[in-house]
There are 2 protein chains.
Amino acid sequence: MANPLTRKLEAFAPLPEADRRLIDDICRNPRDVGPREDLIREGDDPRDVQLILEGFACRYKLLPNGRRQITAYLIPGDFCDLHVFILRAMDHSIATLSPCRAVAIPRHRVLELTERPAIARALWWASLVDEAVLREWLVGVGARGADERIAHLLCELLMRLRTVGLATDGAYELPITQAELADTVGLTHIHVNRVLQRLRAEGSITLKGKQLVILDVDKLMAFSGFDVNYLHLSESNGKKEPCR
Amino acid sequence: MANPLTRKLEAFAPLPEADRRLIDDICRNPRDVGPREDLIREGDDPRDVQLILEGFACRYKLLPNGRRQITAYLIPGDFCDLHVFILRAMDHSIATLSPCRAVAIPRHRVLELTERPAIARALWWASLVDEAVLREWLVGVGARGADERIAHLLCELLMRLRTVGLATDGAYELPITQAELADTVGLTHIHVNRVLQRLRAEGSITLKGKQLVILDVDKLMAFSGFDVNYLHLSESNGKKEPCR
DNA sequence: CCGAGAAGTAAACCTAGGTTAACGACATGG
DNA sequence: CCATGTCGTTAACCTAGGTTTACTTCTCGG
């Protein structure tokens, strides 16, 4: 299967063959990381950039009151901390959720990437999309009820996983605990459970183990007020095949 | 008073004199915009970039359920939509809150800015800070109680306004309605009112008309779990004078 | 194949914040 | 100087979601 970073960037625009090879080359020596391990901690000044190749990771912040808020999911093809070039210290932490495969890319190799115009533009695009996703999460937590909020998240993950080839139709693997989901959407794990029960009961989803199936994607999107628009996928993407 | 954009960017690193002059030049013909006016609407493909010179504006999103979520405050020195160069359509709207003075900067002039290395780096920094602020808002809405959430926002605004010279000590002008605050923090305007009453009663703040005074800044920061860190101000900034 | 911890479920009960409905205090403009 | 509208304030009542506790079902190492 194609490199997830390549797939993701090509959701913006196709890359020259040479760029794809560069990306492949950079991903040569990945390492495996267990679940629930910190990749970068708040306050760190990391020296290389982490790229997720397999599994789910997240950005999160711990509060004095003991609560944790997850502010982003990092899925295959996502960079952890491109900020590194500008900012001194991390203002949040990053941890794996599931077992992951990741590469630590040293600064100079990242520069090789950004010297390729097509990649540079695509990375800029990706960072704008990340910001849009963040905004959408804020909207969800601030203004959507629990059910819509979770349904919306499931739709978003579907679309994002599709672009890296990890979802077909409405089905994908969601290697995440209900408690982690709770820290994501700002609810208790118990209430998350209630919502999932409800979504199951009304026939919207199926979720056994880590296998999620959205039974009627359009319906769930309508219900949760999901509008793909904010993911800024090129027209060639989304429902159809990635551009050749 | 110095140009707010210059002041803001110099919170990252000092700019060469020529860069400052360029910024001044670009801000030559501002226009006045009344309160509650849309500057850019969701779906638009705007042709120039808006820069706020005076007043408060905001990014927001309207939901099918009729609620509105404000996802960012734009204060003097903030750009509205640098995304323009990459993305086709806005995925959210931008409106003024108070009366504003703004400049519409055509694309080619923005390019002049980004050709100056010091400015380009500072703009990159600014966009990373915007993202950090967004994350912090998400943390607030997702994991802080109403009182801390609002207190935290007031602290954040204090720090941001200080860097553009619009706050001294704990005092600044907050030209925003309680209903707008409510749409920001994900509460009802009625509950926002309750919280403000409480903060007043316990002697944390003073707020008459649009004049806000935080009576004991350190105390309010401690209470709300505010850690300046995420604004990534250079050490020379924050409490002290901007670097000469 | 067994045992222990992690994840999921369930039910009873509680509270932070929402809703509704007034009313008072300013503004603004005619 | 009144009329009208927006903003802030209060109070009574309500509900979505939180808390607590406990039981069940996985999972996985030994």
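Structure shown above.
Residues numbered from 1 in each chain as written. Chains lettered and ligands numbered in written order. Predicted model: local features only at pLDDT ≥ 70, side-chain atom pairs only at ≥ 80, totals over all residues. Heavy atoms only, no water.

## Points about the pattern of salt bridges
All names here are of chain B.
- Under the definition given, this model contains 38 salt bridges over all chains.
- Here E17 and R21 are joined by a salt bridge, their closest N and O atoms 3.9 Å apart. Of the two residues, E17 and R21 are both situated in helix α2 (residues 17-26); the distance of four residues between them amounts to about one turn of the helix.
- On the basis of relative accessible area, E17 is assigned to the partly exposed category, the value being 45%. (Salt bridge = Lys/Arg side-chain N within 4 Å of Asp/Glu carboxyl O. Helix = DSSP H or I, 4+ residues; strand = E, 2+ residues; numbered from the N terminus. Buried < 20%, exposed > 50% of the residue type's maximum accessible area, 1.4 Å probe, protein only.)

## Side note on the interface of chain B and chain A
- Taken together, the contact between chain B and chain A spans 42 residues of the former and 42 residues of the latter.
- Note on chain B versus chain A: buried area summed over both sides is about 3,900 Å², and carbon and sulfur give 67% of it.
- Counting the surface chain B buries against chain A, the share from its top three residues, B:I86, B:R135 and B:L138, is 19%.
- The interface formed by chain B and chain A includes four salt bridges.
- In this structure, the salt-bridge partner of A:D91 is B:R135, at a minimum N-O distance of 3.4 Å.
- Seen at the junction of chain B and chain A, the total is ten residue pairs in polar contact (both at pLDDT 80 or more).
- At the level of secondary structure, the elements contributing two or more residues to the side of chain B that touches chain A comprise β4 (57-62), β5 (68-74) and α4 (117-143) of chain B.
- The residue makeup of the side of chain B that touches chain A, split by class, is 20 nonpolar, eleven polar and eleven charged. (Contact = heavy atoms within 4.5 Å. Buried area = accessible area lost by both parts, 1.4 Å probe. Polar contact = N/O pair within 3.5 Å; in protein donor to acceptor, adjacent residues only side chain to side chain. Nonpolar A, V, L, I, M, F, W, Y, C, P; charged D, E, K, R; others polar.)

## Overview of the protein's contact with DNA strand D
- Taken together, 16 residues are adjacent to DNA strand D, and A:T188, A:I190, A:R194, B:Q178 and B:N193 come closest.
- Backbone polar atom of A:A146 to a phosphate oxygen of DNA strand D: 3.0 Å apart, as the coordinates give it.
- A distance of 2.6 Å is found between a phosphate oxygen of DNA strand D and a side-chain nitrogen or oxygen belonging to B:N193.
- Contributions of two or more residues to the surface near DNA strand D are made by α7 (189-201) of chain A together with α7 (189-201) of chain B.
- The dominant element in the surface near DNA strand D, judged by the number of residues it contributes, is α7(B), at five residues.
- Here the surface near DNA strand D is composed, by residue class, of four nonpolar, eight polar and four charged. (Near = heavy atom within 4 Å.)

## With respect to the relation of the copies chain B and chain A
- The transform that puts chain B on chain A rotates by 180° and translates by 0.0 Å along the axis, for an RMSD of 0.0 Å. What the superposition gives is, in effect, a two-fold axis relating one chain to the other. Measuring from the rotation axis to each C-alpha of chain B, the shortest distance belongs to B:L138, at 2.6 Å.
- A shared interface surface links the copies, since 100% of the contact residues of chain B are contact residues in chain A too. (Least-squares fit on C-alpha atoms with pLDDT ≥ 70 in both.)

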